[in-house]
Amino acid sequence: MTDSWSTTEMRFRDPARARALAARLAEVVEGAGRKISVMHVCGSHEQAIAKYGLRASFPKQLEVIMGPGCPVCVTDLPEVDEAVALARAGVRIATYGDMLKVPGTSMSLADAQTEGAKVDIVYSVMQAVELAKSTTDEIVFFASGFETTAVATAAVIVQGVPKNFSVLSAHKYIPPVMEIVAEMPGATVEGFLAAGHAATITGSAIFERFAARHHKPVVVAGFEPLDILAGLVALVELVVAGNATAINAYPRCVSRDGNKVAQALLWKVFRATGGRWRGIAHVPSGNLRLRDEYADVDARRRFTIDMQSLWDMAPPALVAQCVCGDIMAGIASPSACNLFGKACTPETPVGACMVSSEGTCRIWHQYGGHPDLVRIGRAV
Amino acid sequence: MCLGVPGRVIAVDGMIATVDFWGVKKQVRLDVIDEPVTPGDYVLNHVGYAIRRIPPEDIGETLALYDELLAGKSGADLMADDVRGELAASVTASASPRPAND
Amino acid sequence: MIVSRDRVTLKMGAGGHAMRRLIGEVFLERLAGPEMLAGDIGLAALDDGAAVRIGDQWLVTTTDSHVVHPIFFPGGDIGRLAVAGTVNDLAMMGATEPVMLTLAVVIEEGFARADLERIAESIRIACAEAGVRIMTGDTKVMGKGELDGIILNTAGVALTSRVIPDRGLQVGDRILVTGTMGDHGLAVLAARGNLSLEVELRSDVAPINGLVRAALAVAGDGITAMKDPTRGGLASALHEMADKARVGILLEERAVPIRPDVRAVGELLGIDPLHVANEGKVVMGVRPDRAEAVLAAVRAHPLGREAALVGTCIADSPRRVVLDTGFGRRLLIEPDGEPLPRIC
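Here the structure is a predicted model, which is why all the values come from computation and not from measurement.

Participant: Account for unusual backbone geometry, with residues named and values stated.
Facilitator: His69(C) connects to Pro70(C) through a cis peptide bond whose omega is 0 degrees. Positive phi outside glycine occurs at Val47(B), with the angle close to 40 degrees. Looking at the secondary structure, you find Val47(B) in the loop between β4 (42-46) and β5 (49-54). The phi dihedral of Ser317(C) is positive, around 55 degrees, even though this residue is not glycine.

Participant: Can you lay out the side chain of Glu224(A) for me, pointing to particular residues and giving the numbers?
Facilitator: For Glu224(A), the position within the fold is in the loop between β8 (218-221) and α11 (225-241). One polar contact links Glu224(A) to Arg13(A), side chain to side chain, over a distance of 2.5 Å.

Participant: Go over a nonpolar patch on the surface with me, naming the residues and quoting the values.
Facilitator: A surface patch of nonpolar side chains, amounting to about 360 Å² of accessible area, comprises Val26(C), Phe27(C), Leu31(C) and Leu43(C). Looking at where Leu43(C) falls in the secondary structure, it is placed in the loop between α2 (17-31) and β1 (50-54).

Participant: Explain the pairing of strand β4 (residues 119-122) of chain A residue by residue, including any values.
Facilitator: All names here are of chain A. Relative to β4, strand β3 (residues 92-96) is paired through 4 bridges, and the arrangement is parallel. Bridged to Ile93 within β4 is Val119. Between β3 and its parallel partner β4, the chain crosses via helix α5 (residues 109-114), and the hand of that crossover is right-handed.

Participant: I'd like a rundown of the sheet that holds strand β2 (residues 62-66) of chain A, residues and numbers included.
Facilitator: All names here are of chain A. Spatial strand order, β2-β1-β7-β8-β9: 5 strands in an open sheet with parallel pairing. This sheet does not close on itself; its edge strands, each paired only once, are β2 and β9 (246-248). The average undirected angle you get between the axes of adjacent strands in this sheet is 20 degrees. When strand β1 (residues 36-40) meets strand β7 (residues 191-195), the two strands line up parallel, connected through 3 bridges. The residue bridging Met39 from the neighbouring strand is Phe192, located in β7. Against the sheet, helix α10 (residues 205-214) engages β7, β8 and β9, with an angle of about 155 degrees to β8.

Participant: Which residues make up the domain arrangement of chain A, and what are the values?
Facilitator: All names here are of chain A. Its domain assignment divides chain A into domain 1 (4-70 + 174-248), domain 2 (77-172 + 260-311) and domain 3 (318-367). Here the C-alpha centre of domain 2 lies 31 Å away from the C-alpha centre of domain 1. With 14 residues of domain 1 at the interface, the matching set in domain 2 holds 15 residues. Taken over both partners, the interface formed by domain 1 and domain 2 buries close to 1100 Å², and the fraction arising from carbon and sulfur atoms is 75%. Within the residue set of the side of domain 1 that touches domain 2, elements represented by two or more residues are α8 (174-182) and α9 (196-202).

Participant: How would you explain the state of the cysteines if you had to name every residue and give the values?
Facilitator: Residues and elements named next belong to chain A. For the structure shown, the criterion picks out 1 disulfide over all chains. Here Cys70 connects covalently by a disulfide to Cys73, the sulfurs 2.5 Å from one another. Looking down the S-S bond of the Cys70 and Cys73 bridge, the torsion is 75 degrees, so its handedness is right-handed. Side by side, Cys70 and Cys73 carry an identical accessibility label, which is buried.

Participant: Break down the pattern of salt bridges for me, with residues and values.
Facilitator: Residue and element names in this part refer to chain A. Under the defined criterion, the tally for this structure stands at 47 salt bridges over all chains. The partner of Arg300 in a salt bridge is Glu82, with the nearest N and O atoms 3.0 Å apart. Of this pair, Arg300 sits in helix α13 (residues 299-302) while Glu82 is found in helix α4 (residues 77-88), placing the two residues 218 residues apart along the sequence. The partner of Glu130 in a salt bridge is Lys133, with the nearest N and O atoms 3.9 Å apart. Within this pair, Glu130 and its partner Lys133 are both found in helix α6 (residues 125-133), separated by 3 residues, close to a single helical turn. Taking the relative accessible area as the measure of exposure, Glu130 reaches 42% and is therefore partly exposed. On the basis of relative accessible area, Lys133 is assigned to the exposed category, the value being 56%.

Participant: Describe the sheet that holds strand β7 (residues 150-160) of chain C, naming the residues involved and giving the relevant values.
Facilitator: Strand pairing within a sheet occurs via backbone hydrogen bonds; the two strands may be parallel or antiparallel. All names here are of chain C. Taking strand neighbours across the sheet as the criterion, the 5 strands line up as β1-β2-β7-β5-β6 in an open arrangement whose pairing is mixed. Across the chains shown, the open sheet's two edge strands, defined by having one partner strand only, are β1 and β6 (134-142). Averaged over neighbouring strand pairs, the angle between their axes works out to 15 degrees when direction is ignored. Judged from the 9 bridges that link them, strand β2 (residues 57-66) and β7 form a sheet pairing that is antiparallel. If you follow Leu59 over to β7, its bridge partner there is Leu159. Where helix α3 (residues 78-92) meets the sheet, its contacts fall on β2, β5 (98-108) and β7, and the angle it forms with β2 comes to roughly 150 degrees.

Rules behind the numbers
- Residues numbered from 1 in each chain as written.
- Chains lettered and ligands numbered in written order.
- Predicted model: local features only at pLDDT ≥ 70, side-chain atom pairs only at ≥ 80, totals over all residues.
- Heavy atoms only, no water.
- Helix = DSSP H or I, 4+ residues; strand = E, 2+ residues; numbered from the N terminus.
- Polar contact = N/O pair within 3.5 Å; in protein donor to acceptor, adjacent residues only side chain to side chain.
- Patch = residues over 30% accessible without salt bridge, like charges linked within 9 Å, V, L, I, M, F, W, Y side chains within 5 Å.
- Areas by Shrake-Rupley, 256 points an atom, 1.4 Å probe, with all protein chains shown as cover.
- Salt bridge = Lys/Arg side-chain N within 4 Å of Asp/Glu carboxyl O.
- Pairing = 2+ DSSP bridges.
- Right-handed = clockwise from strand over helix to strand, strands pointing away.
- Axes fitted to C-alpha atoms, helices over the stretch in contact; angles between N-to-C directions.
- Contact = heavy atoms within 4.5 Å.
- Domains from an automatic or database assignment.
- Buried area = accessible area lost by both parts, 1.4 Å probe.
- Disulfide = S-S within 2.5 Å.
- Buried < 20%, exposed > 50% of the residue type's maximum accessible area, 1.4 Å probe, protein only.

Shown next as structure tokens:
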């Protein structure tokens, strides 16, 4: 493709610049003369780090911990149960592909589908609305994602939806969980790489207050290889200098104040309320639920959702033994978990770290940790 | 956590824009964007919604920021000669922050 | 979870680990036995087909059932898929001159006759391309709702003087792909029409026994293993080959040919083109001294113009596939289940 736009975007995938930034990162970490732990709070950062194989090029003394940044993984069991219960009761569920295999207390939506429930995978909430227009079936949109994704759900609701369409919101709000992980006892994290696309909505200013409050620097970073490497260089420099400020290293997609139209839509439709995040903790104001004004499109009010049967057939509460929260805080490794590799496997995941294809436990289980890939095959 | 994909606006019809993503056209909703969008603009798409108009000058700004990071405060330069050479070439090749229209 | 252990799930049909486990536990356990002659390839090998020695020849057989939604998609349809799938599986064993195919058709009540005729015509054309004929068949009609439209099954028979099992990779072998990756899987996904994408991706579905014949002609015994990267894409095929041969594979991501529009749709939907099906491509292990010659022969064939050498078999990291991205390295993860569009 000779398109100029792709050329522009490809500049953020320039291997020469990437090598230079990786060398610079090594230099900064080495200069510190000690181990440094930072955390990214964004599943897409982990996806990009994995996709481009960046982890293998990180300096040994730099630990980049995958925080609670995957909205699908942290969707709690009862939220999945609500969707599964509705599906088993004959209601047609539309949801994003990411949600299909996420296990609830006793089954996932994919399992319900195997039993005969109707589950439609959509790429956009608009598609779910189109589906509702094309049928007389009740369609429940099982809505997952952070504020970035919730904004789209809000836009559809404000616009007005067909009578047979309602929303089961499992949307999450990212800023409060950062407070939790920053204060987790025993946590060694010294700085945060903040989620670029959530910040597109909320703006980077909220991280200035966060950095000051917790005395830990924050860098808002994008998702191309250069974005991540540059974000880490900036973050480690701040850590080494003891400079607890927030930097926006992703100005092309993030402004200081964020997208005000989107913020207005978000808070018009949703309110933030406390709730559990799978494997992490109760997060005050971490869940986005529909406001009373939109009760008529709220699936929780339209339907009586009976989850008892799911709970009756559930195995004993394995989740209680899951140490995902500690793994995400960098306190524990998967081998410290009683469930790892036994009750909790990629086929029957219990916690968030095993649900995600790039989750720490998933990767450990498939490959026995992060093997040293840089040297292998060199002799051939 | 949110798959965001940048693309170039080809046409705007009310609240719907046709956007080119590396040669693939897709309709994207404009309900939540905070600036007017016209053909030629770049937008960031998430789940079928444009969530940001990407100012072309910010692309250059970001790259400049990265080069600043590379230089480092001390001016120390660990880049190997070949890397420096490649980098110089790529910077020259992409000197204009505003992508040319094709 | 309770349900997935008691019932067969879609994931178990998607070509990955879950499927191999189901086959192992249910079928191999009961049906696989010692082969008649040493060297025969039977059920336990889980190869693309079976091979038994008859005199100085090998009799190679394979069978494949086909369902696809939509039935007609850009670049092909279920009929073309059914012929190509079986012809290609035979070719992957080194048997590029199929003697005959069988065809079984299961049709849902109410299926449009014109569509059935269109599928039959497509079967005729694909057979002509492959140089084979349908020699026997079976037709069943089932009640409305008892299946989704139509299911085709084809079986194929071929003779060859040399069988190439898929477990033959050796350290040092180069990995060759005969063209662009991900075309079929993403074309079918885009053709489902609910993604509001304006793009005409074309499936690569085609019988490739001719291309394989051309490659074998110049390779001598230089082709050590072959696999068609169908379900699960290049990632699954390489994992299976590495696993069976107990070697590692170092894959150079930037060398893998991917069409720009396929890459773009993959980026939009969050789907890796290396994880989705191809229906007209081959992954080959080639001895390093024959690699350039085989590459030239494949490129000279109309279906192999974009062939490339994309990797090397290594002694380190056995049974794993290491992907060099140009930025760093990672282990290529084997897809489990049908790839779905994702938002994060």
